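Coordinate analysis (summary)
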Amino acid sequence: MKNLTIIQHPLVKRDLTLLRDRKTPSNVFRSILRRTSTLMAYEVTRNLPLKNIKVRTPLESTSGSIIGKPVVLVPILRAGLGLVGGFVEVIPDARVGHIGLYRDEESLKPVDYYFKVPRNLKQALVLLLDPMLATGGSGAAAITYLKEKGAQRILYVSLVAAPEGVRKVVKAHPDVMIYTCALDRELNRKGYILPGLGDAGDRIFGTE
Ligand code: PRP
Ligand code: URA
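Read on for an overview of the structure. (Residues numbered from 1 in each chain as written. Chains lettered and ligands numbered in written order. Predicted model: local features only at pLDDT ≥ 70, side-chain atom pairs only at ≥ 80, totals over all residues. Heavy atoms only, no water.)

**A few points about helix α3 (residues 81-90)**
Restricting attention to buried positions, one finds in α3 the residues G82, L83, V84, G86 and F87. On its buried side, α3 packs onto α2 (26-44), β4 (71-77), β8 (125-129), β10 (153-157) and α6 (200-205). (Buried < 20%, exposed > 50% of the residue type's maximum accessible area, 1.4 Å probe, protein only. Helix = DSSP H or I, 4+ residues; strand = E, 2+ residues; numbered from the N terminus. Contact = heavy atoms within 4.5 Å.)

**Some remarks on the pattern of salt bridges**
One pass over the full model with this rule turns up nine salt bridges. Across the salt bridge formed by R20 and D184, the nearest N and O atoms sit 2.8 Å from each other. Taken as a pair, R20 in helix α1 (residues 10-20) and D184 in the loop between β13 (182-183) and β14 (186-187) lie far apart in primary sequence, 164 residues in all. In this structure, R78 and D202 form a salt bridge, with 3.2 Å as the shortest nitrogen-oxygen distance. Of the two residues, R78 is situated in the loop between β4 and α3 and D202 in helix α6; the sequence distance between them amounts to 124 residues. Classification of R78 as partly exposed rests on a relative accessible area of 35%. According to the relative accessible area criterion, D202 is buried, its value standing at 18%. (Salt bridge = Lys/Arg side-chain N within 4 Å of Asp/Glu carboxyl O.)

**A few points about the pairing of β8**
Most of β8 sits out of view: five of its five residues are buried. Residues L125, L127 and L129 line one face of β8 and the alternating positions V126 and L128 line the opposite face, and both faces are buried. Bridging between β4 and β8 involves five bridges; their strand directions are parallel. Each bridged residue has a counterpart across the sheet, and for V74 the counterpart in β8 is L128. Across five bridges, the pairing between β8 and β10 is parallel. Bridge pairing in β10 links L127 to L155. (Pairing = 2+ DSSP bridges.)

**Concerning the pairing of strand β2 (residues 50-56)**
β2 sits mainly on the outside: zero of its seven residues count as buried. Note: β2 against strand β3 (residues 61-67), seven bridges, orientation antiparallel. Each bridged residue has a counterpart across the sheet, and for N52 the counterpart in β3 is S65. If you look at the hairpin formed by β2 and β3, you'll find four residues sitting between the two strands.

**What to know about the environment of R35**
As for its placement among the helices and strands, R35 is situated in helix α2. Judged by relative accessible area, which is 39%, R35 ranks as partly exposed. Each C-alpha atom of the pair R35 and G86 lies 6.1 Å from the other, and the pair is 51 residues apart in sequence. Other than its neighbours up to four places away in sequence, R35 contacts R14, D15 and L18. Reaching out from R35, the side chain makes a polar contact with the side chain of D15 at a distance of 2.6 Å. (Polar contact = N/O pair within 3.5 Å; in protein donor to acceptor, adjacent residues only side chain to side chain.)

**Quick word on the site of ligand 2**
As a matter of local geometry, ligand 2 sits amid R103, M132, A134, G191, Y192, I193, G198, D199 and A200. Take I193: an N or O atom from its main chain is 2.8 Å from an oxygen atom of ligand 2. Within the backbone of G198, one N or O atom sits 2.8 Å away from a nitrogen atom of ligand 2. Relative to its unbound accessible surface of 240 Å², ligand 2 loses 89% to contact with the protein. Among the residues making up the shell around ligand 2, the classes are represented as five nonpolar, two polar and two charged. (Near = heavy atom within 4 Å. Areas by Shrake-Rupley, 256 points an atom, 1.4 Å probe, with all protein chains shown as cover. Nonpolar A, V, L, I, M, F, W, Y, C, P; charged D, E, K, R; others polar.)

**Comments concerning the site of ligand 1**
Residues in contact with ligand 1 amount to 16 residues; listed here are only the nearest, R78, R103, D130, T135 and S138. In this structure, an oxygen atom belonging to ligand 1 sits 2.8 Å away from a side-chain N or O atom of R78. In this structure, an oxygen atom belonging to ligand 1 sits 2.5 Å away from a side-chain N or O atom of T135. In the complex, 91% of the free accessible area of ligand 1, which totals 500 Å², lies under the protein chains. Those elements that place two or more of their residues in the shell around ligand 1 are β4, β6 (98-103), β9 (132-133) and α4 (137-148). Tallied by class, the residues present in the shell around ligand 1 amount to seven nonpolar, five polar and four charged.

In structure tokens form, the structure reads like this:
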């Protein structure tokens, strides 16, 4: 699908299987999600620009690299929090914003309750983090908000996506690249991804 990259790494596929498994308890789910998000960060940041610097080894000077663009992580609460730890592990300088959205159970429309993002989004690479891209309503709304705050380069990082949701986000924001670990079959009548992994927030925080 247009604008969609599916992360195909074998370790990610192994982890996603564990995350899908209904028998995986919350504490294990959390730690696997953290590990998976580190692997996802590795794939998503593949094209990060670098700046050359000089570095002195104990023996001589040589050239080295630093990340050439500030990175801002923006998890969508709650479930997006499950991806933050793994990304911060490999991008320790990243600043972190938060967007609070939940889906109304009847209408499936996103309801917003919290927004706090760092200044100067214009220069940054913004990584929007949410494990589940279902109808795409939450993601599309979050991207609109980030653009209103000045973001110009946004990557949307999800763990599992539904085709309907990807289409919706691409239509609303054709400039945003989407990363996911699996493009699942469809949504059920309640807007859950099939086969999916259930309610990501509940599984991370043990609120089922
Ligand atoms: C989940 C998920 C996404 C949203 C995806 O959050 O984390 O934010 O649903 O659905 P959509 O693509 O149809 O908008 P939820 O609303 O369950 O809130 P929670 O993370 O607080 O549990
Ligand atoms: N939100 C979730 O947490 N899971 C789904 O399958 C769909 C939306």
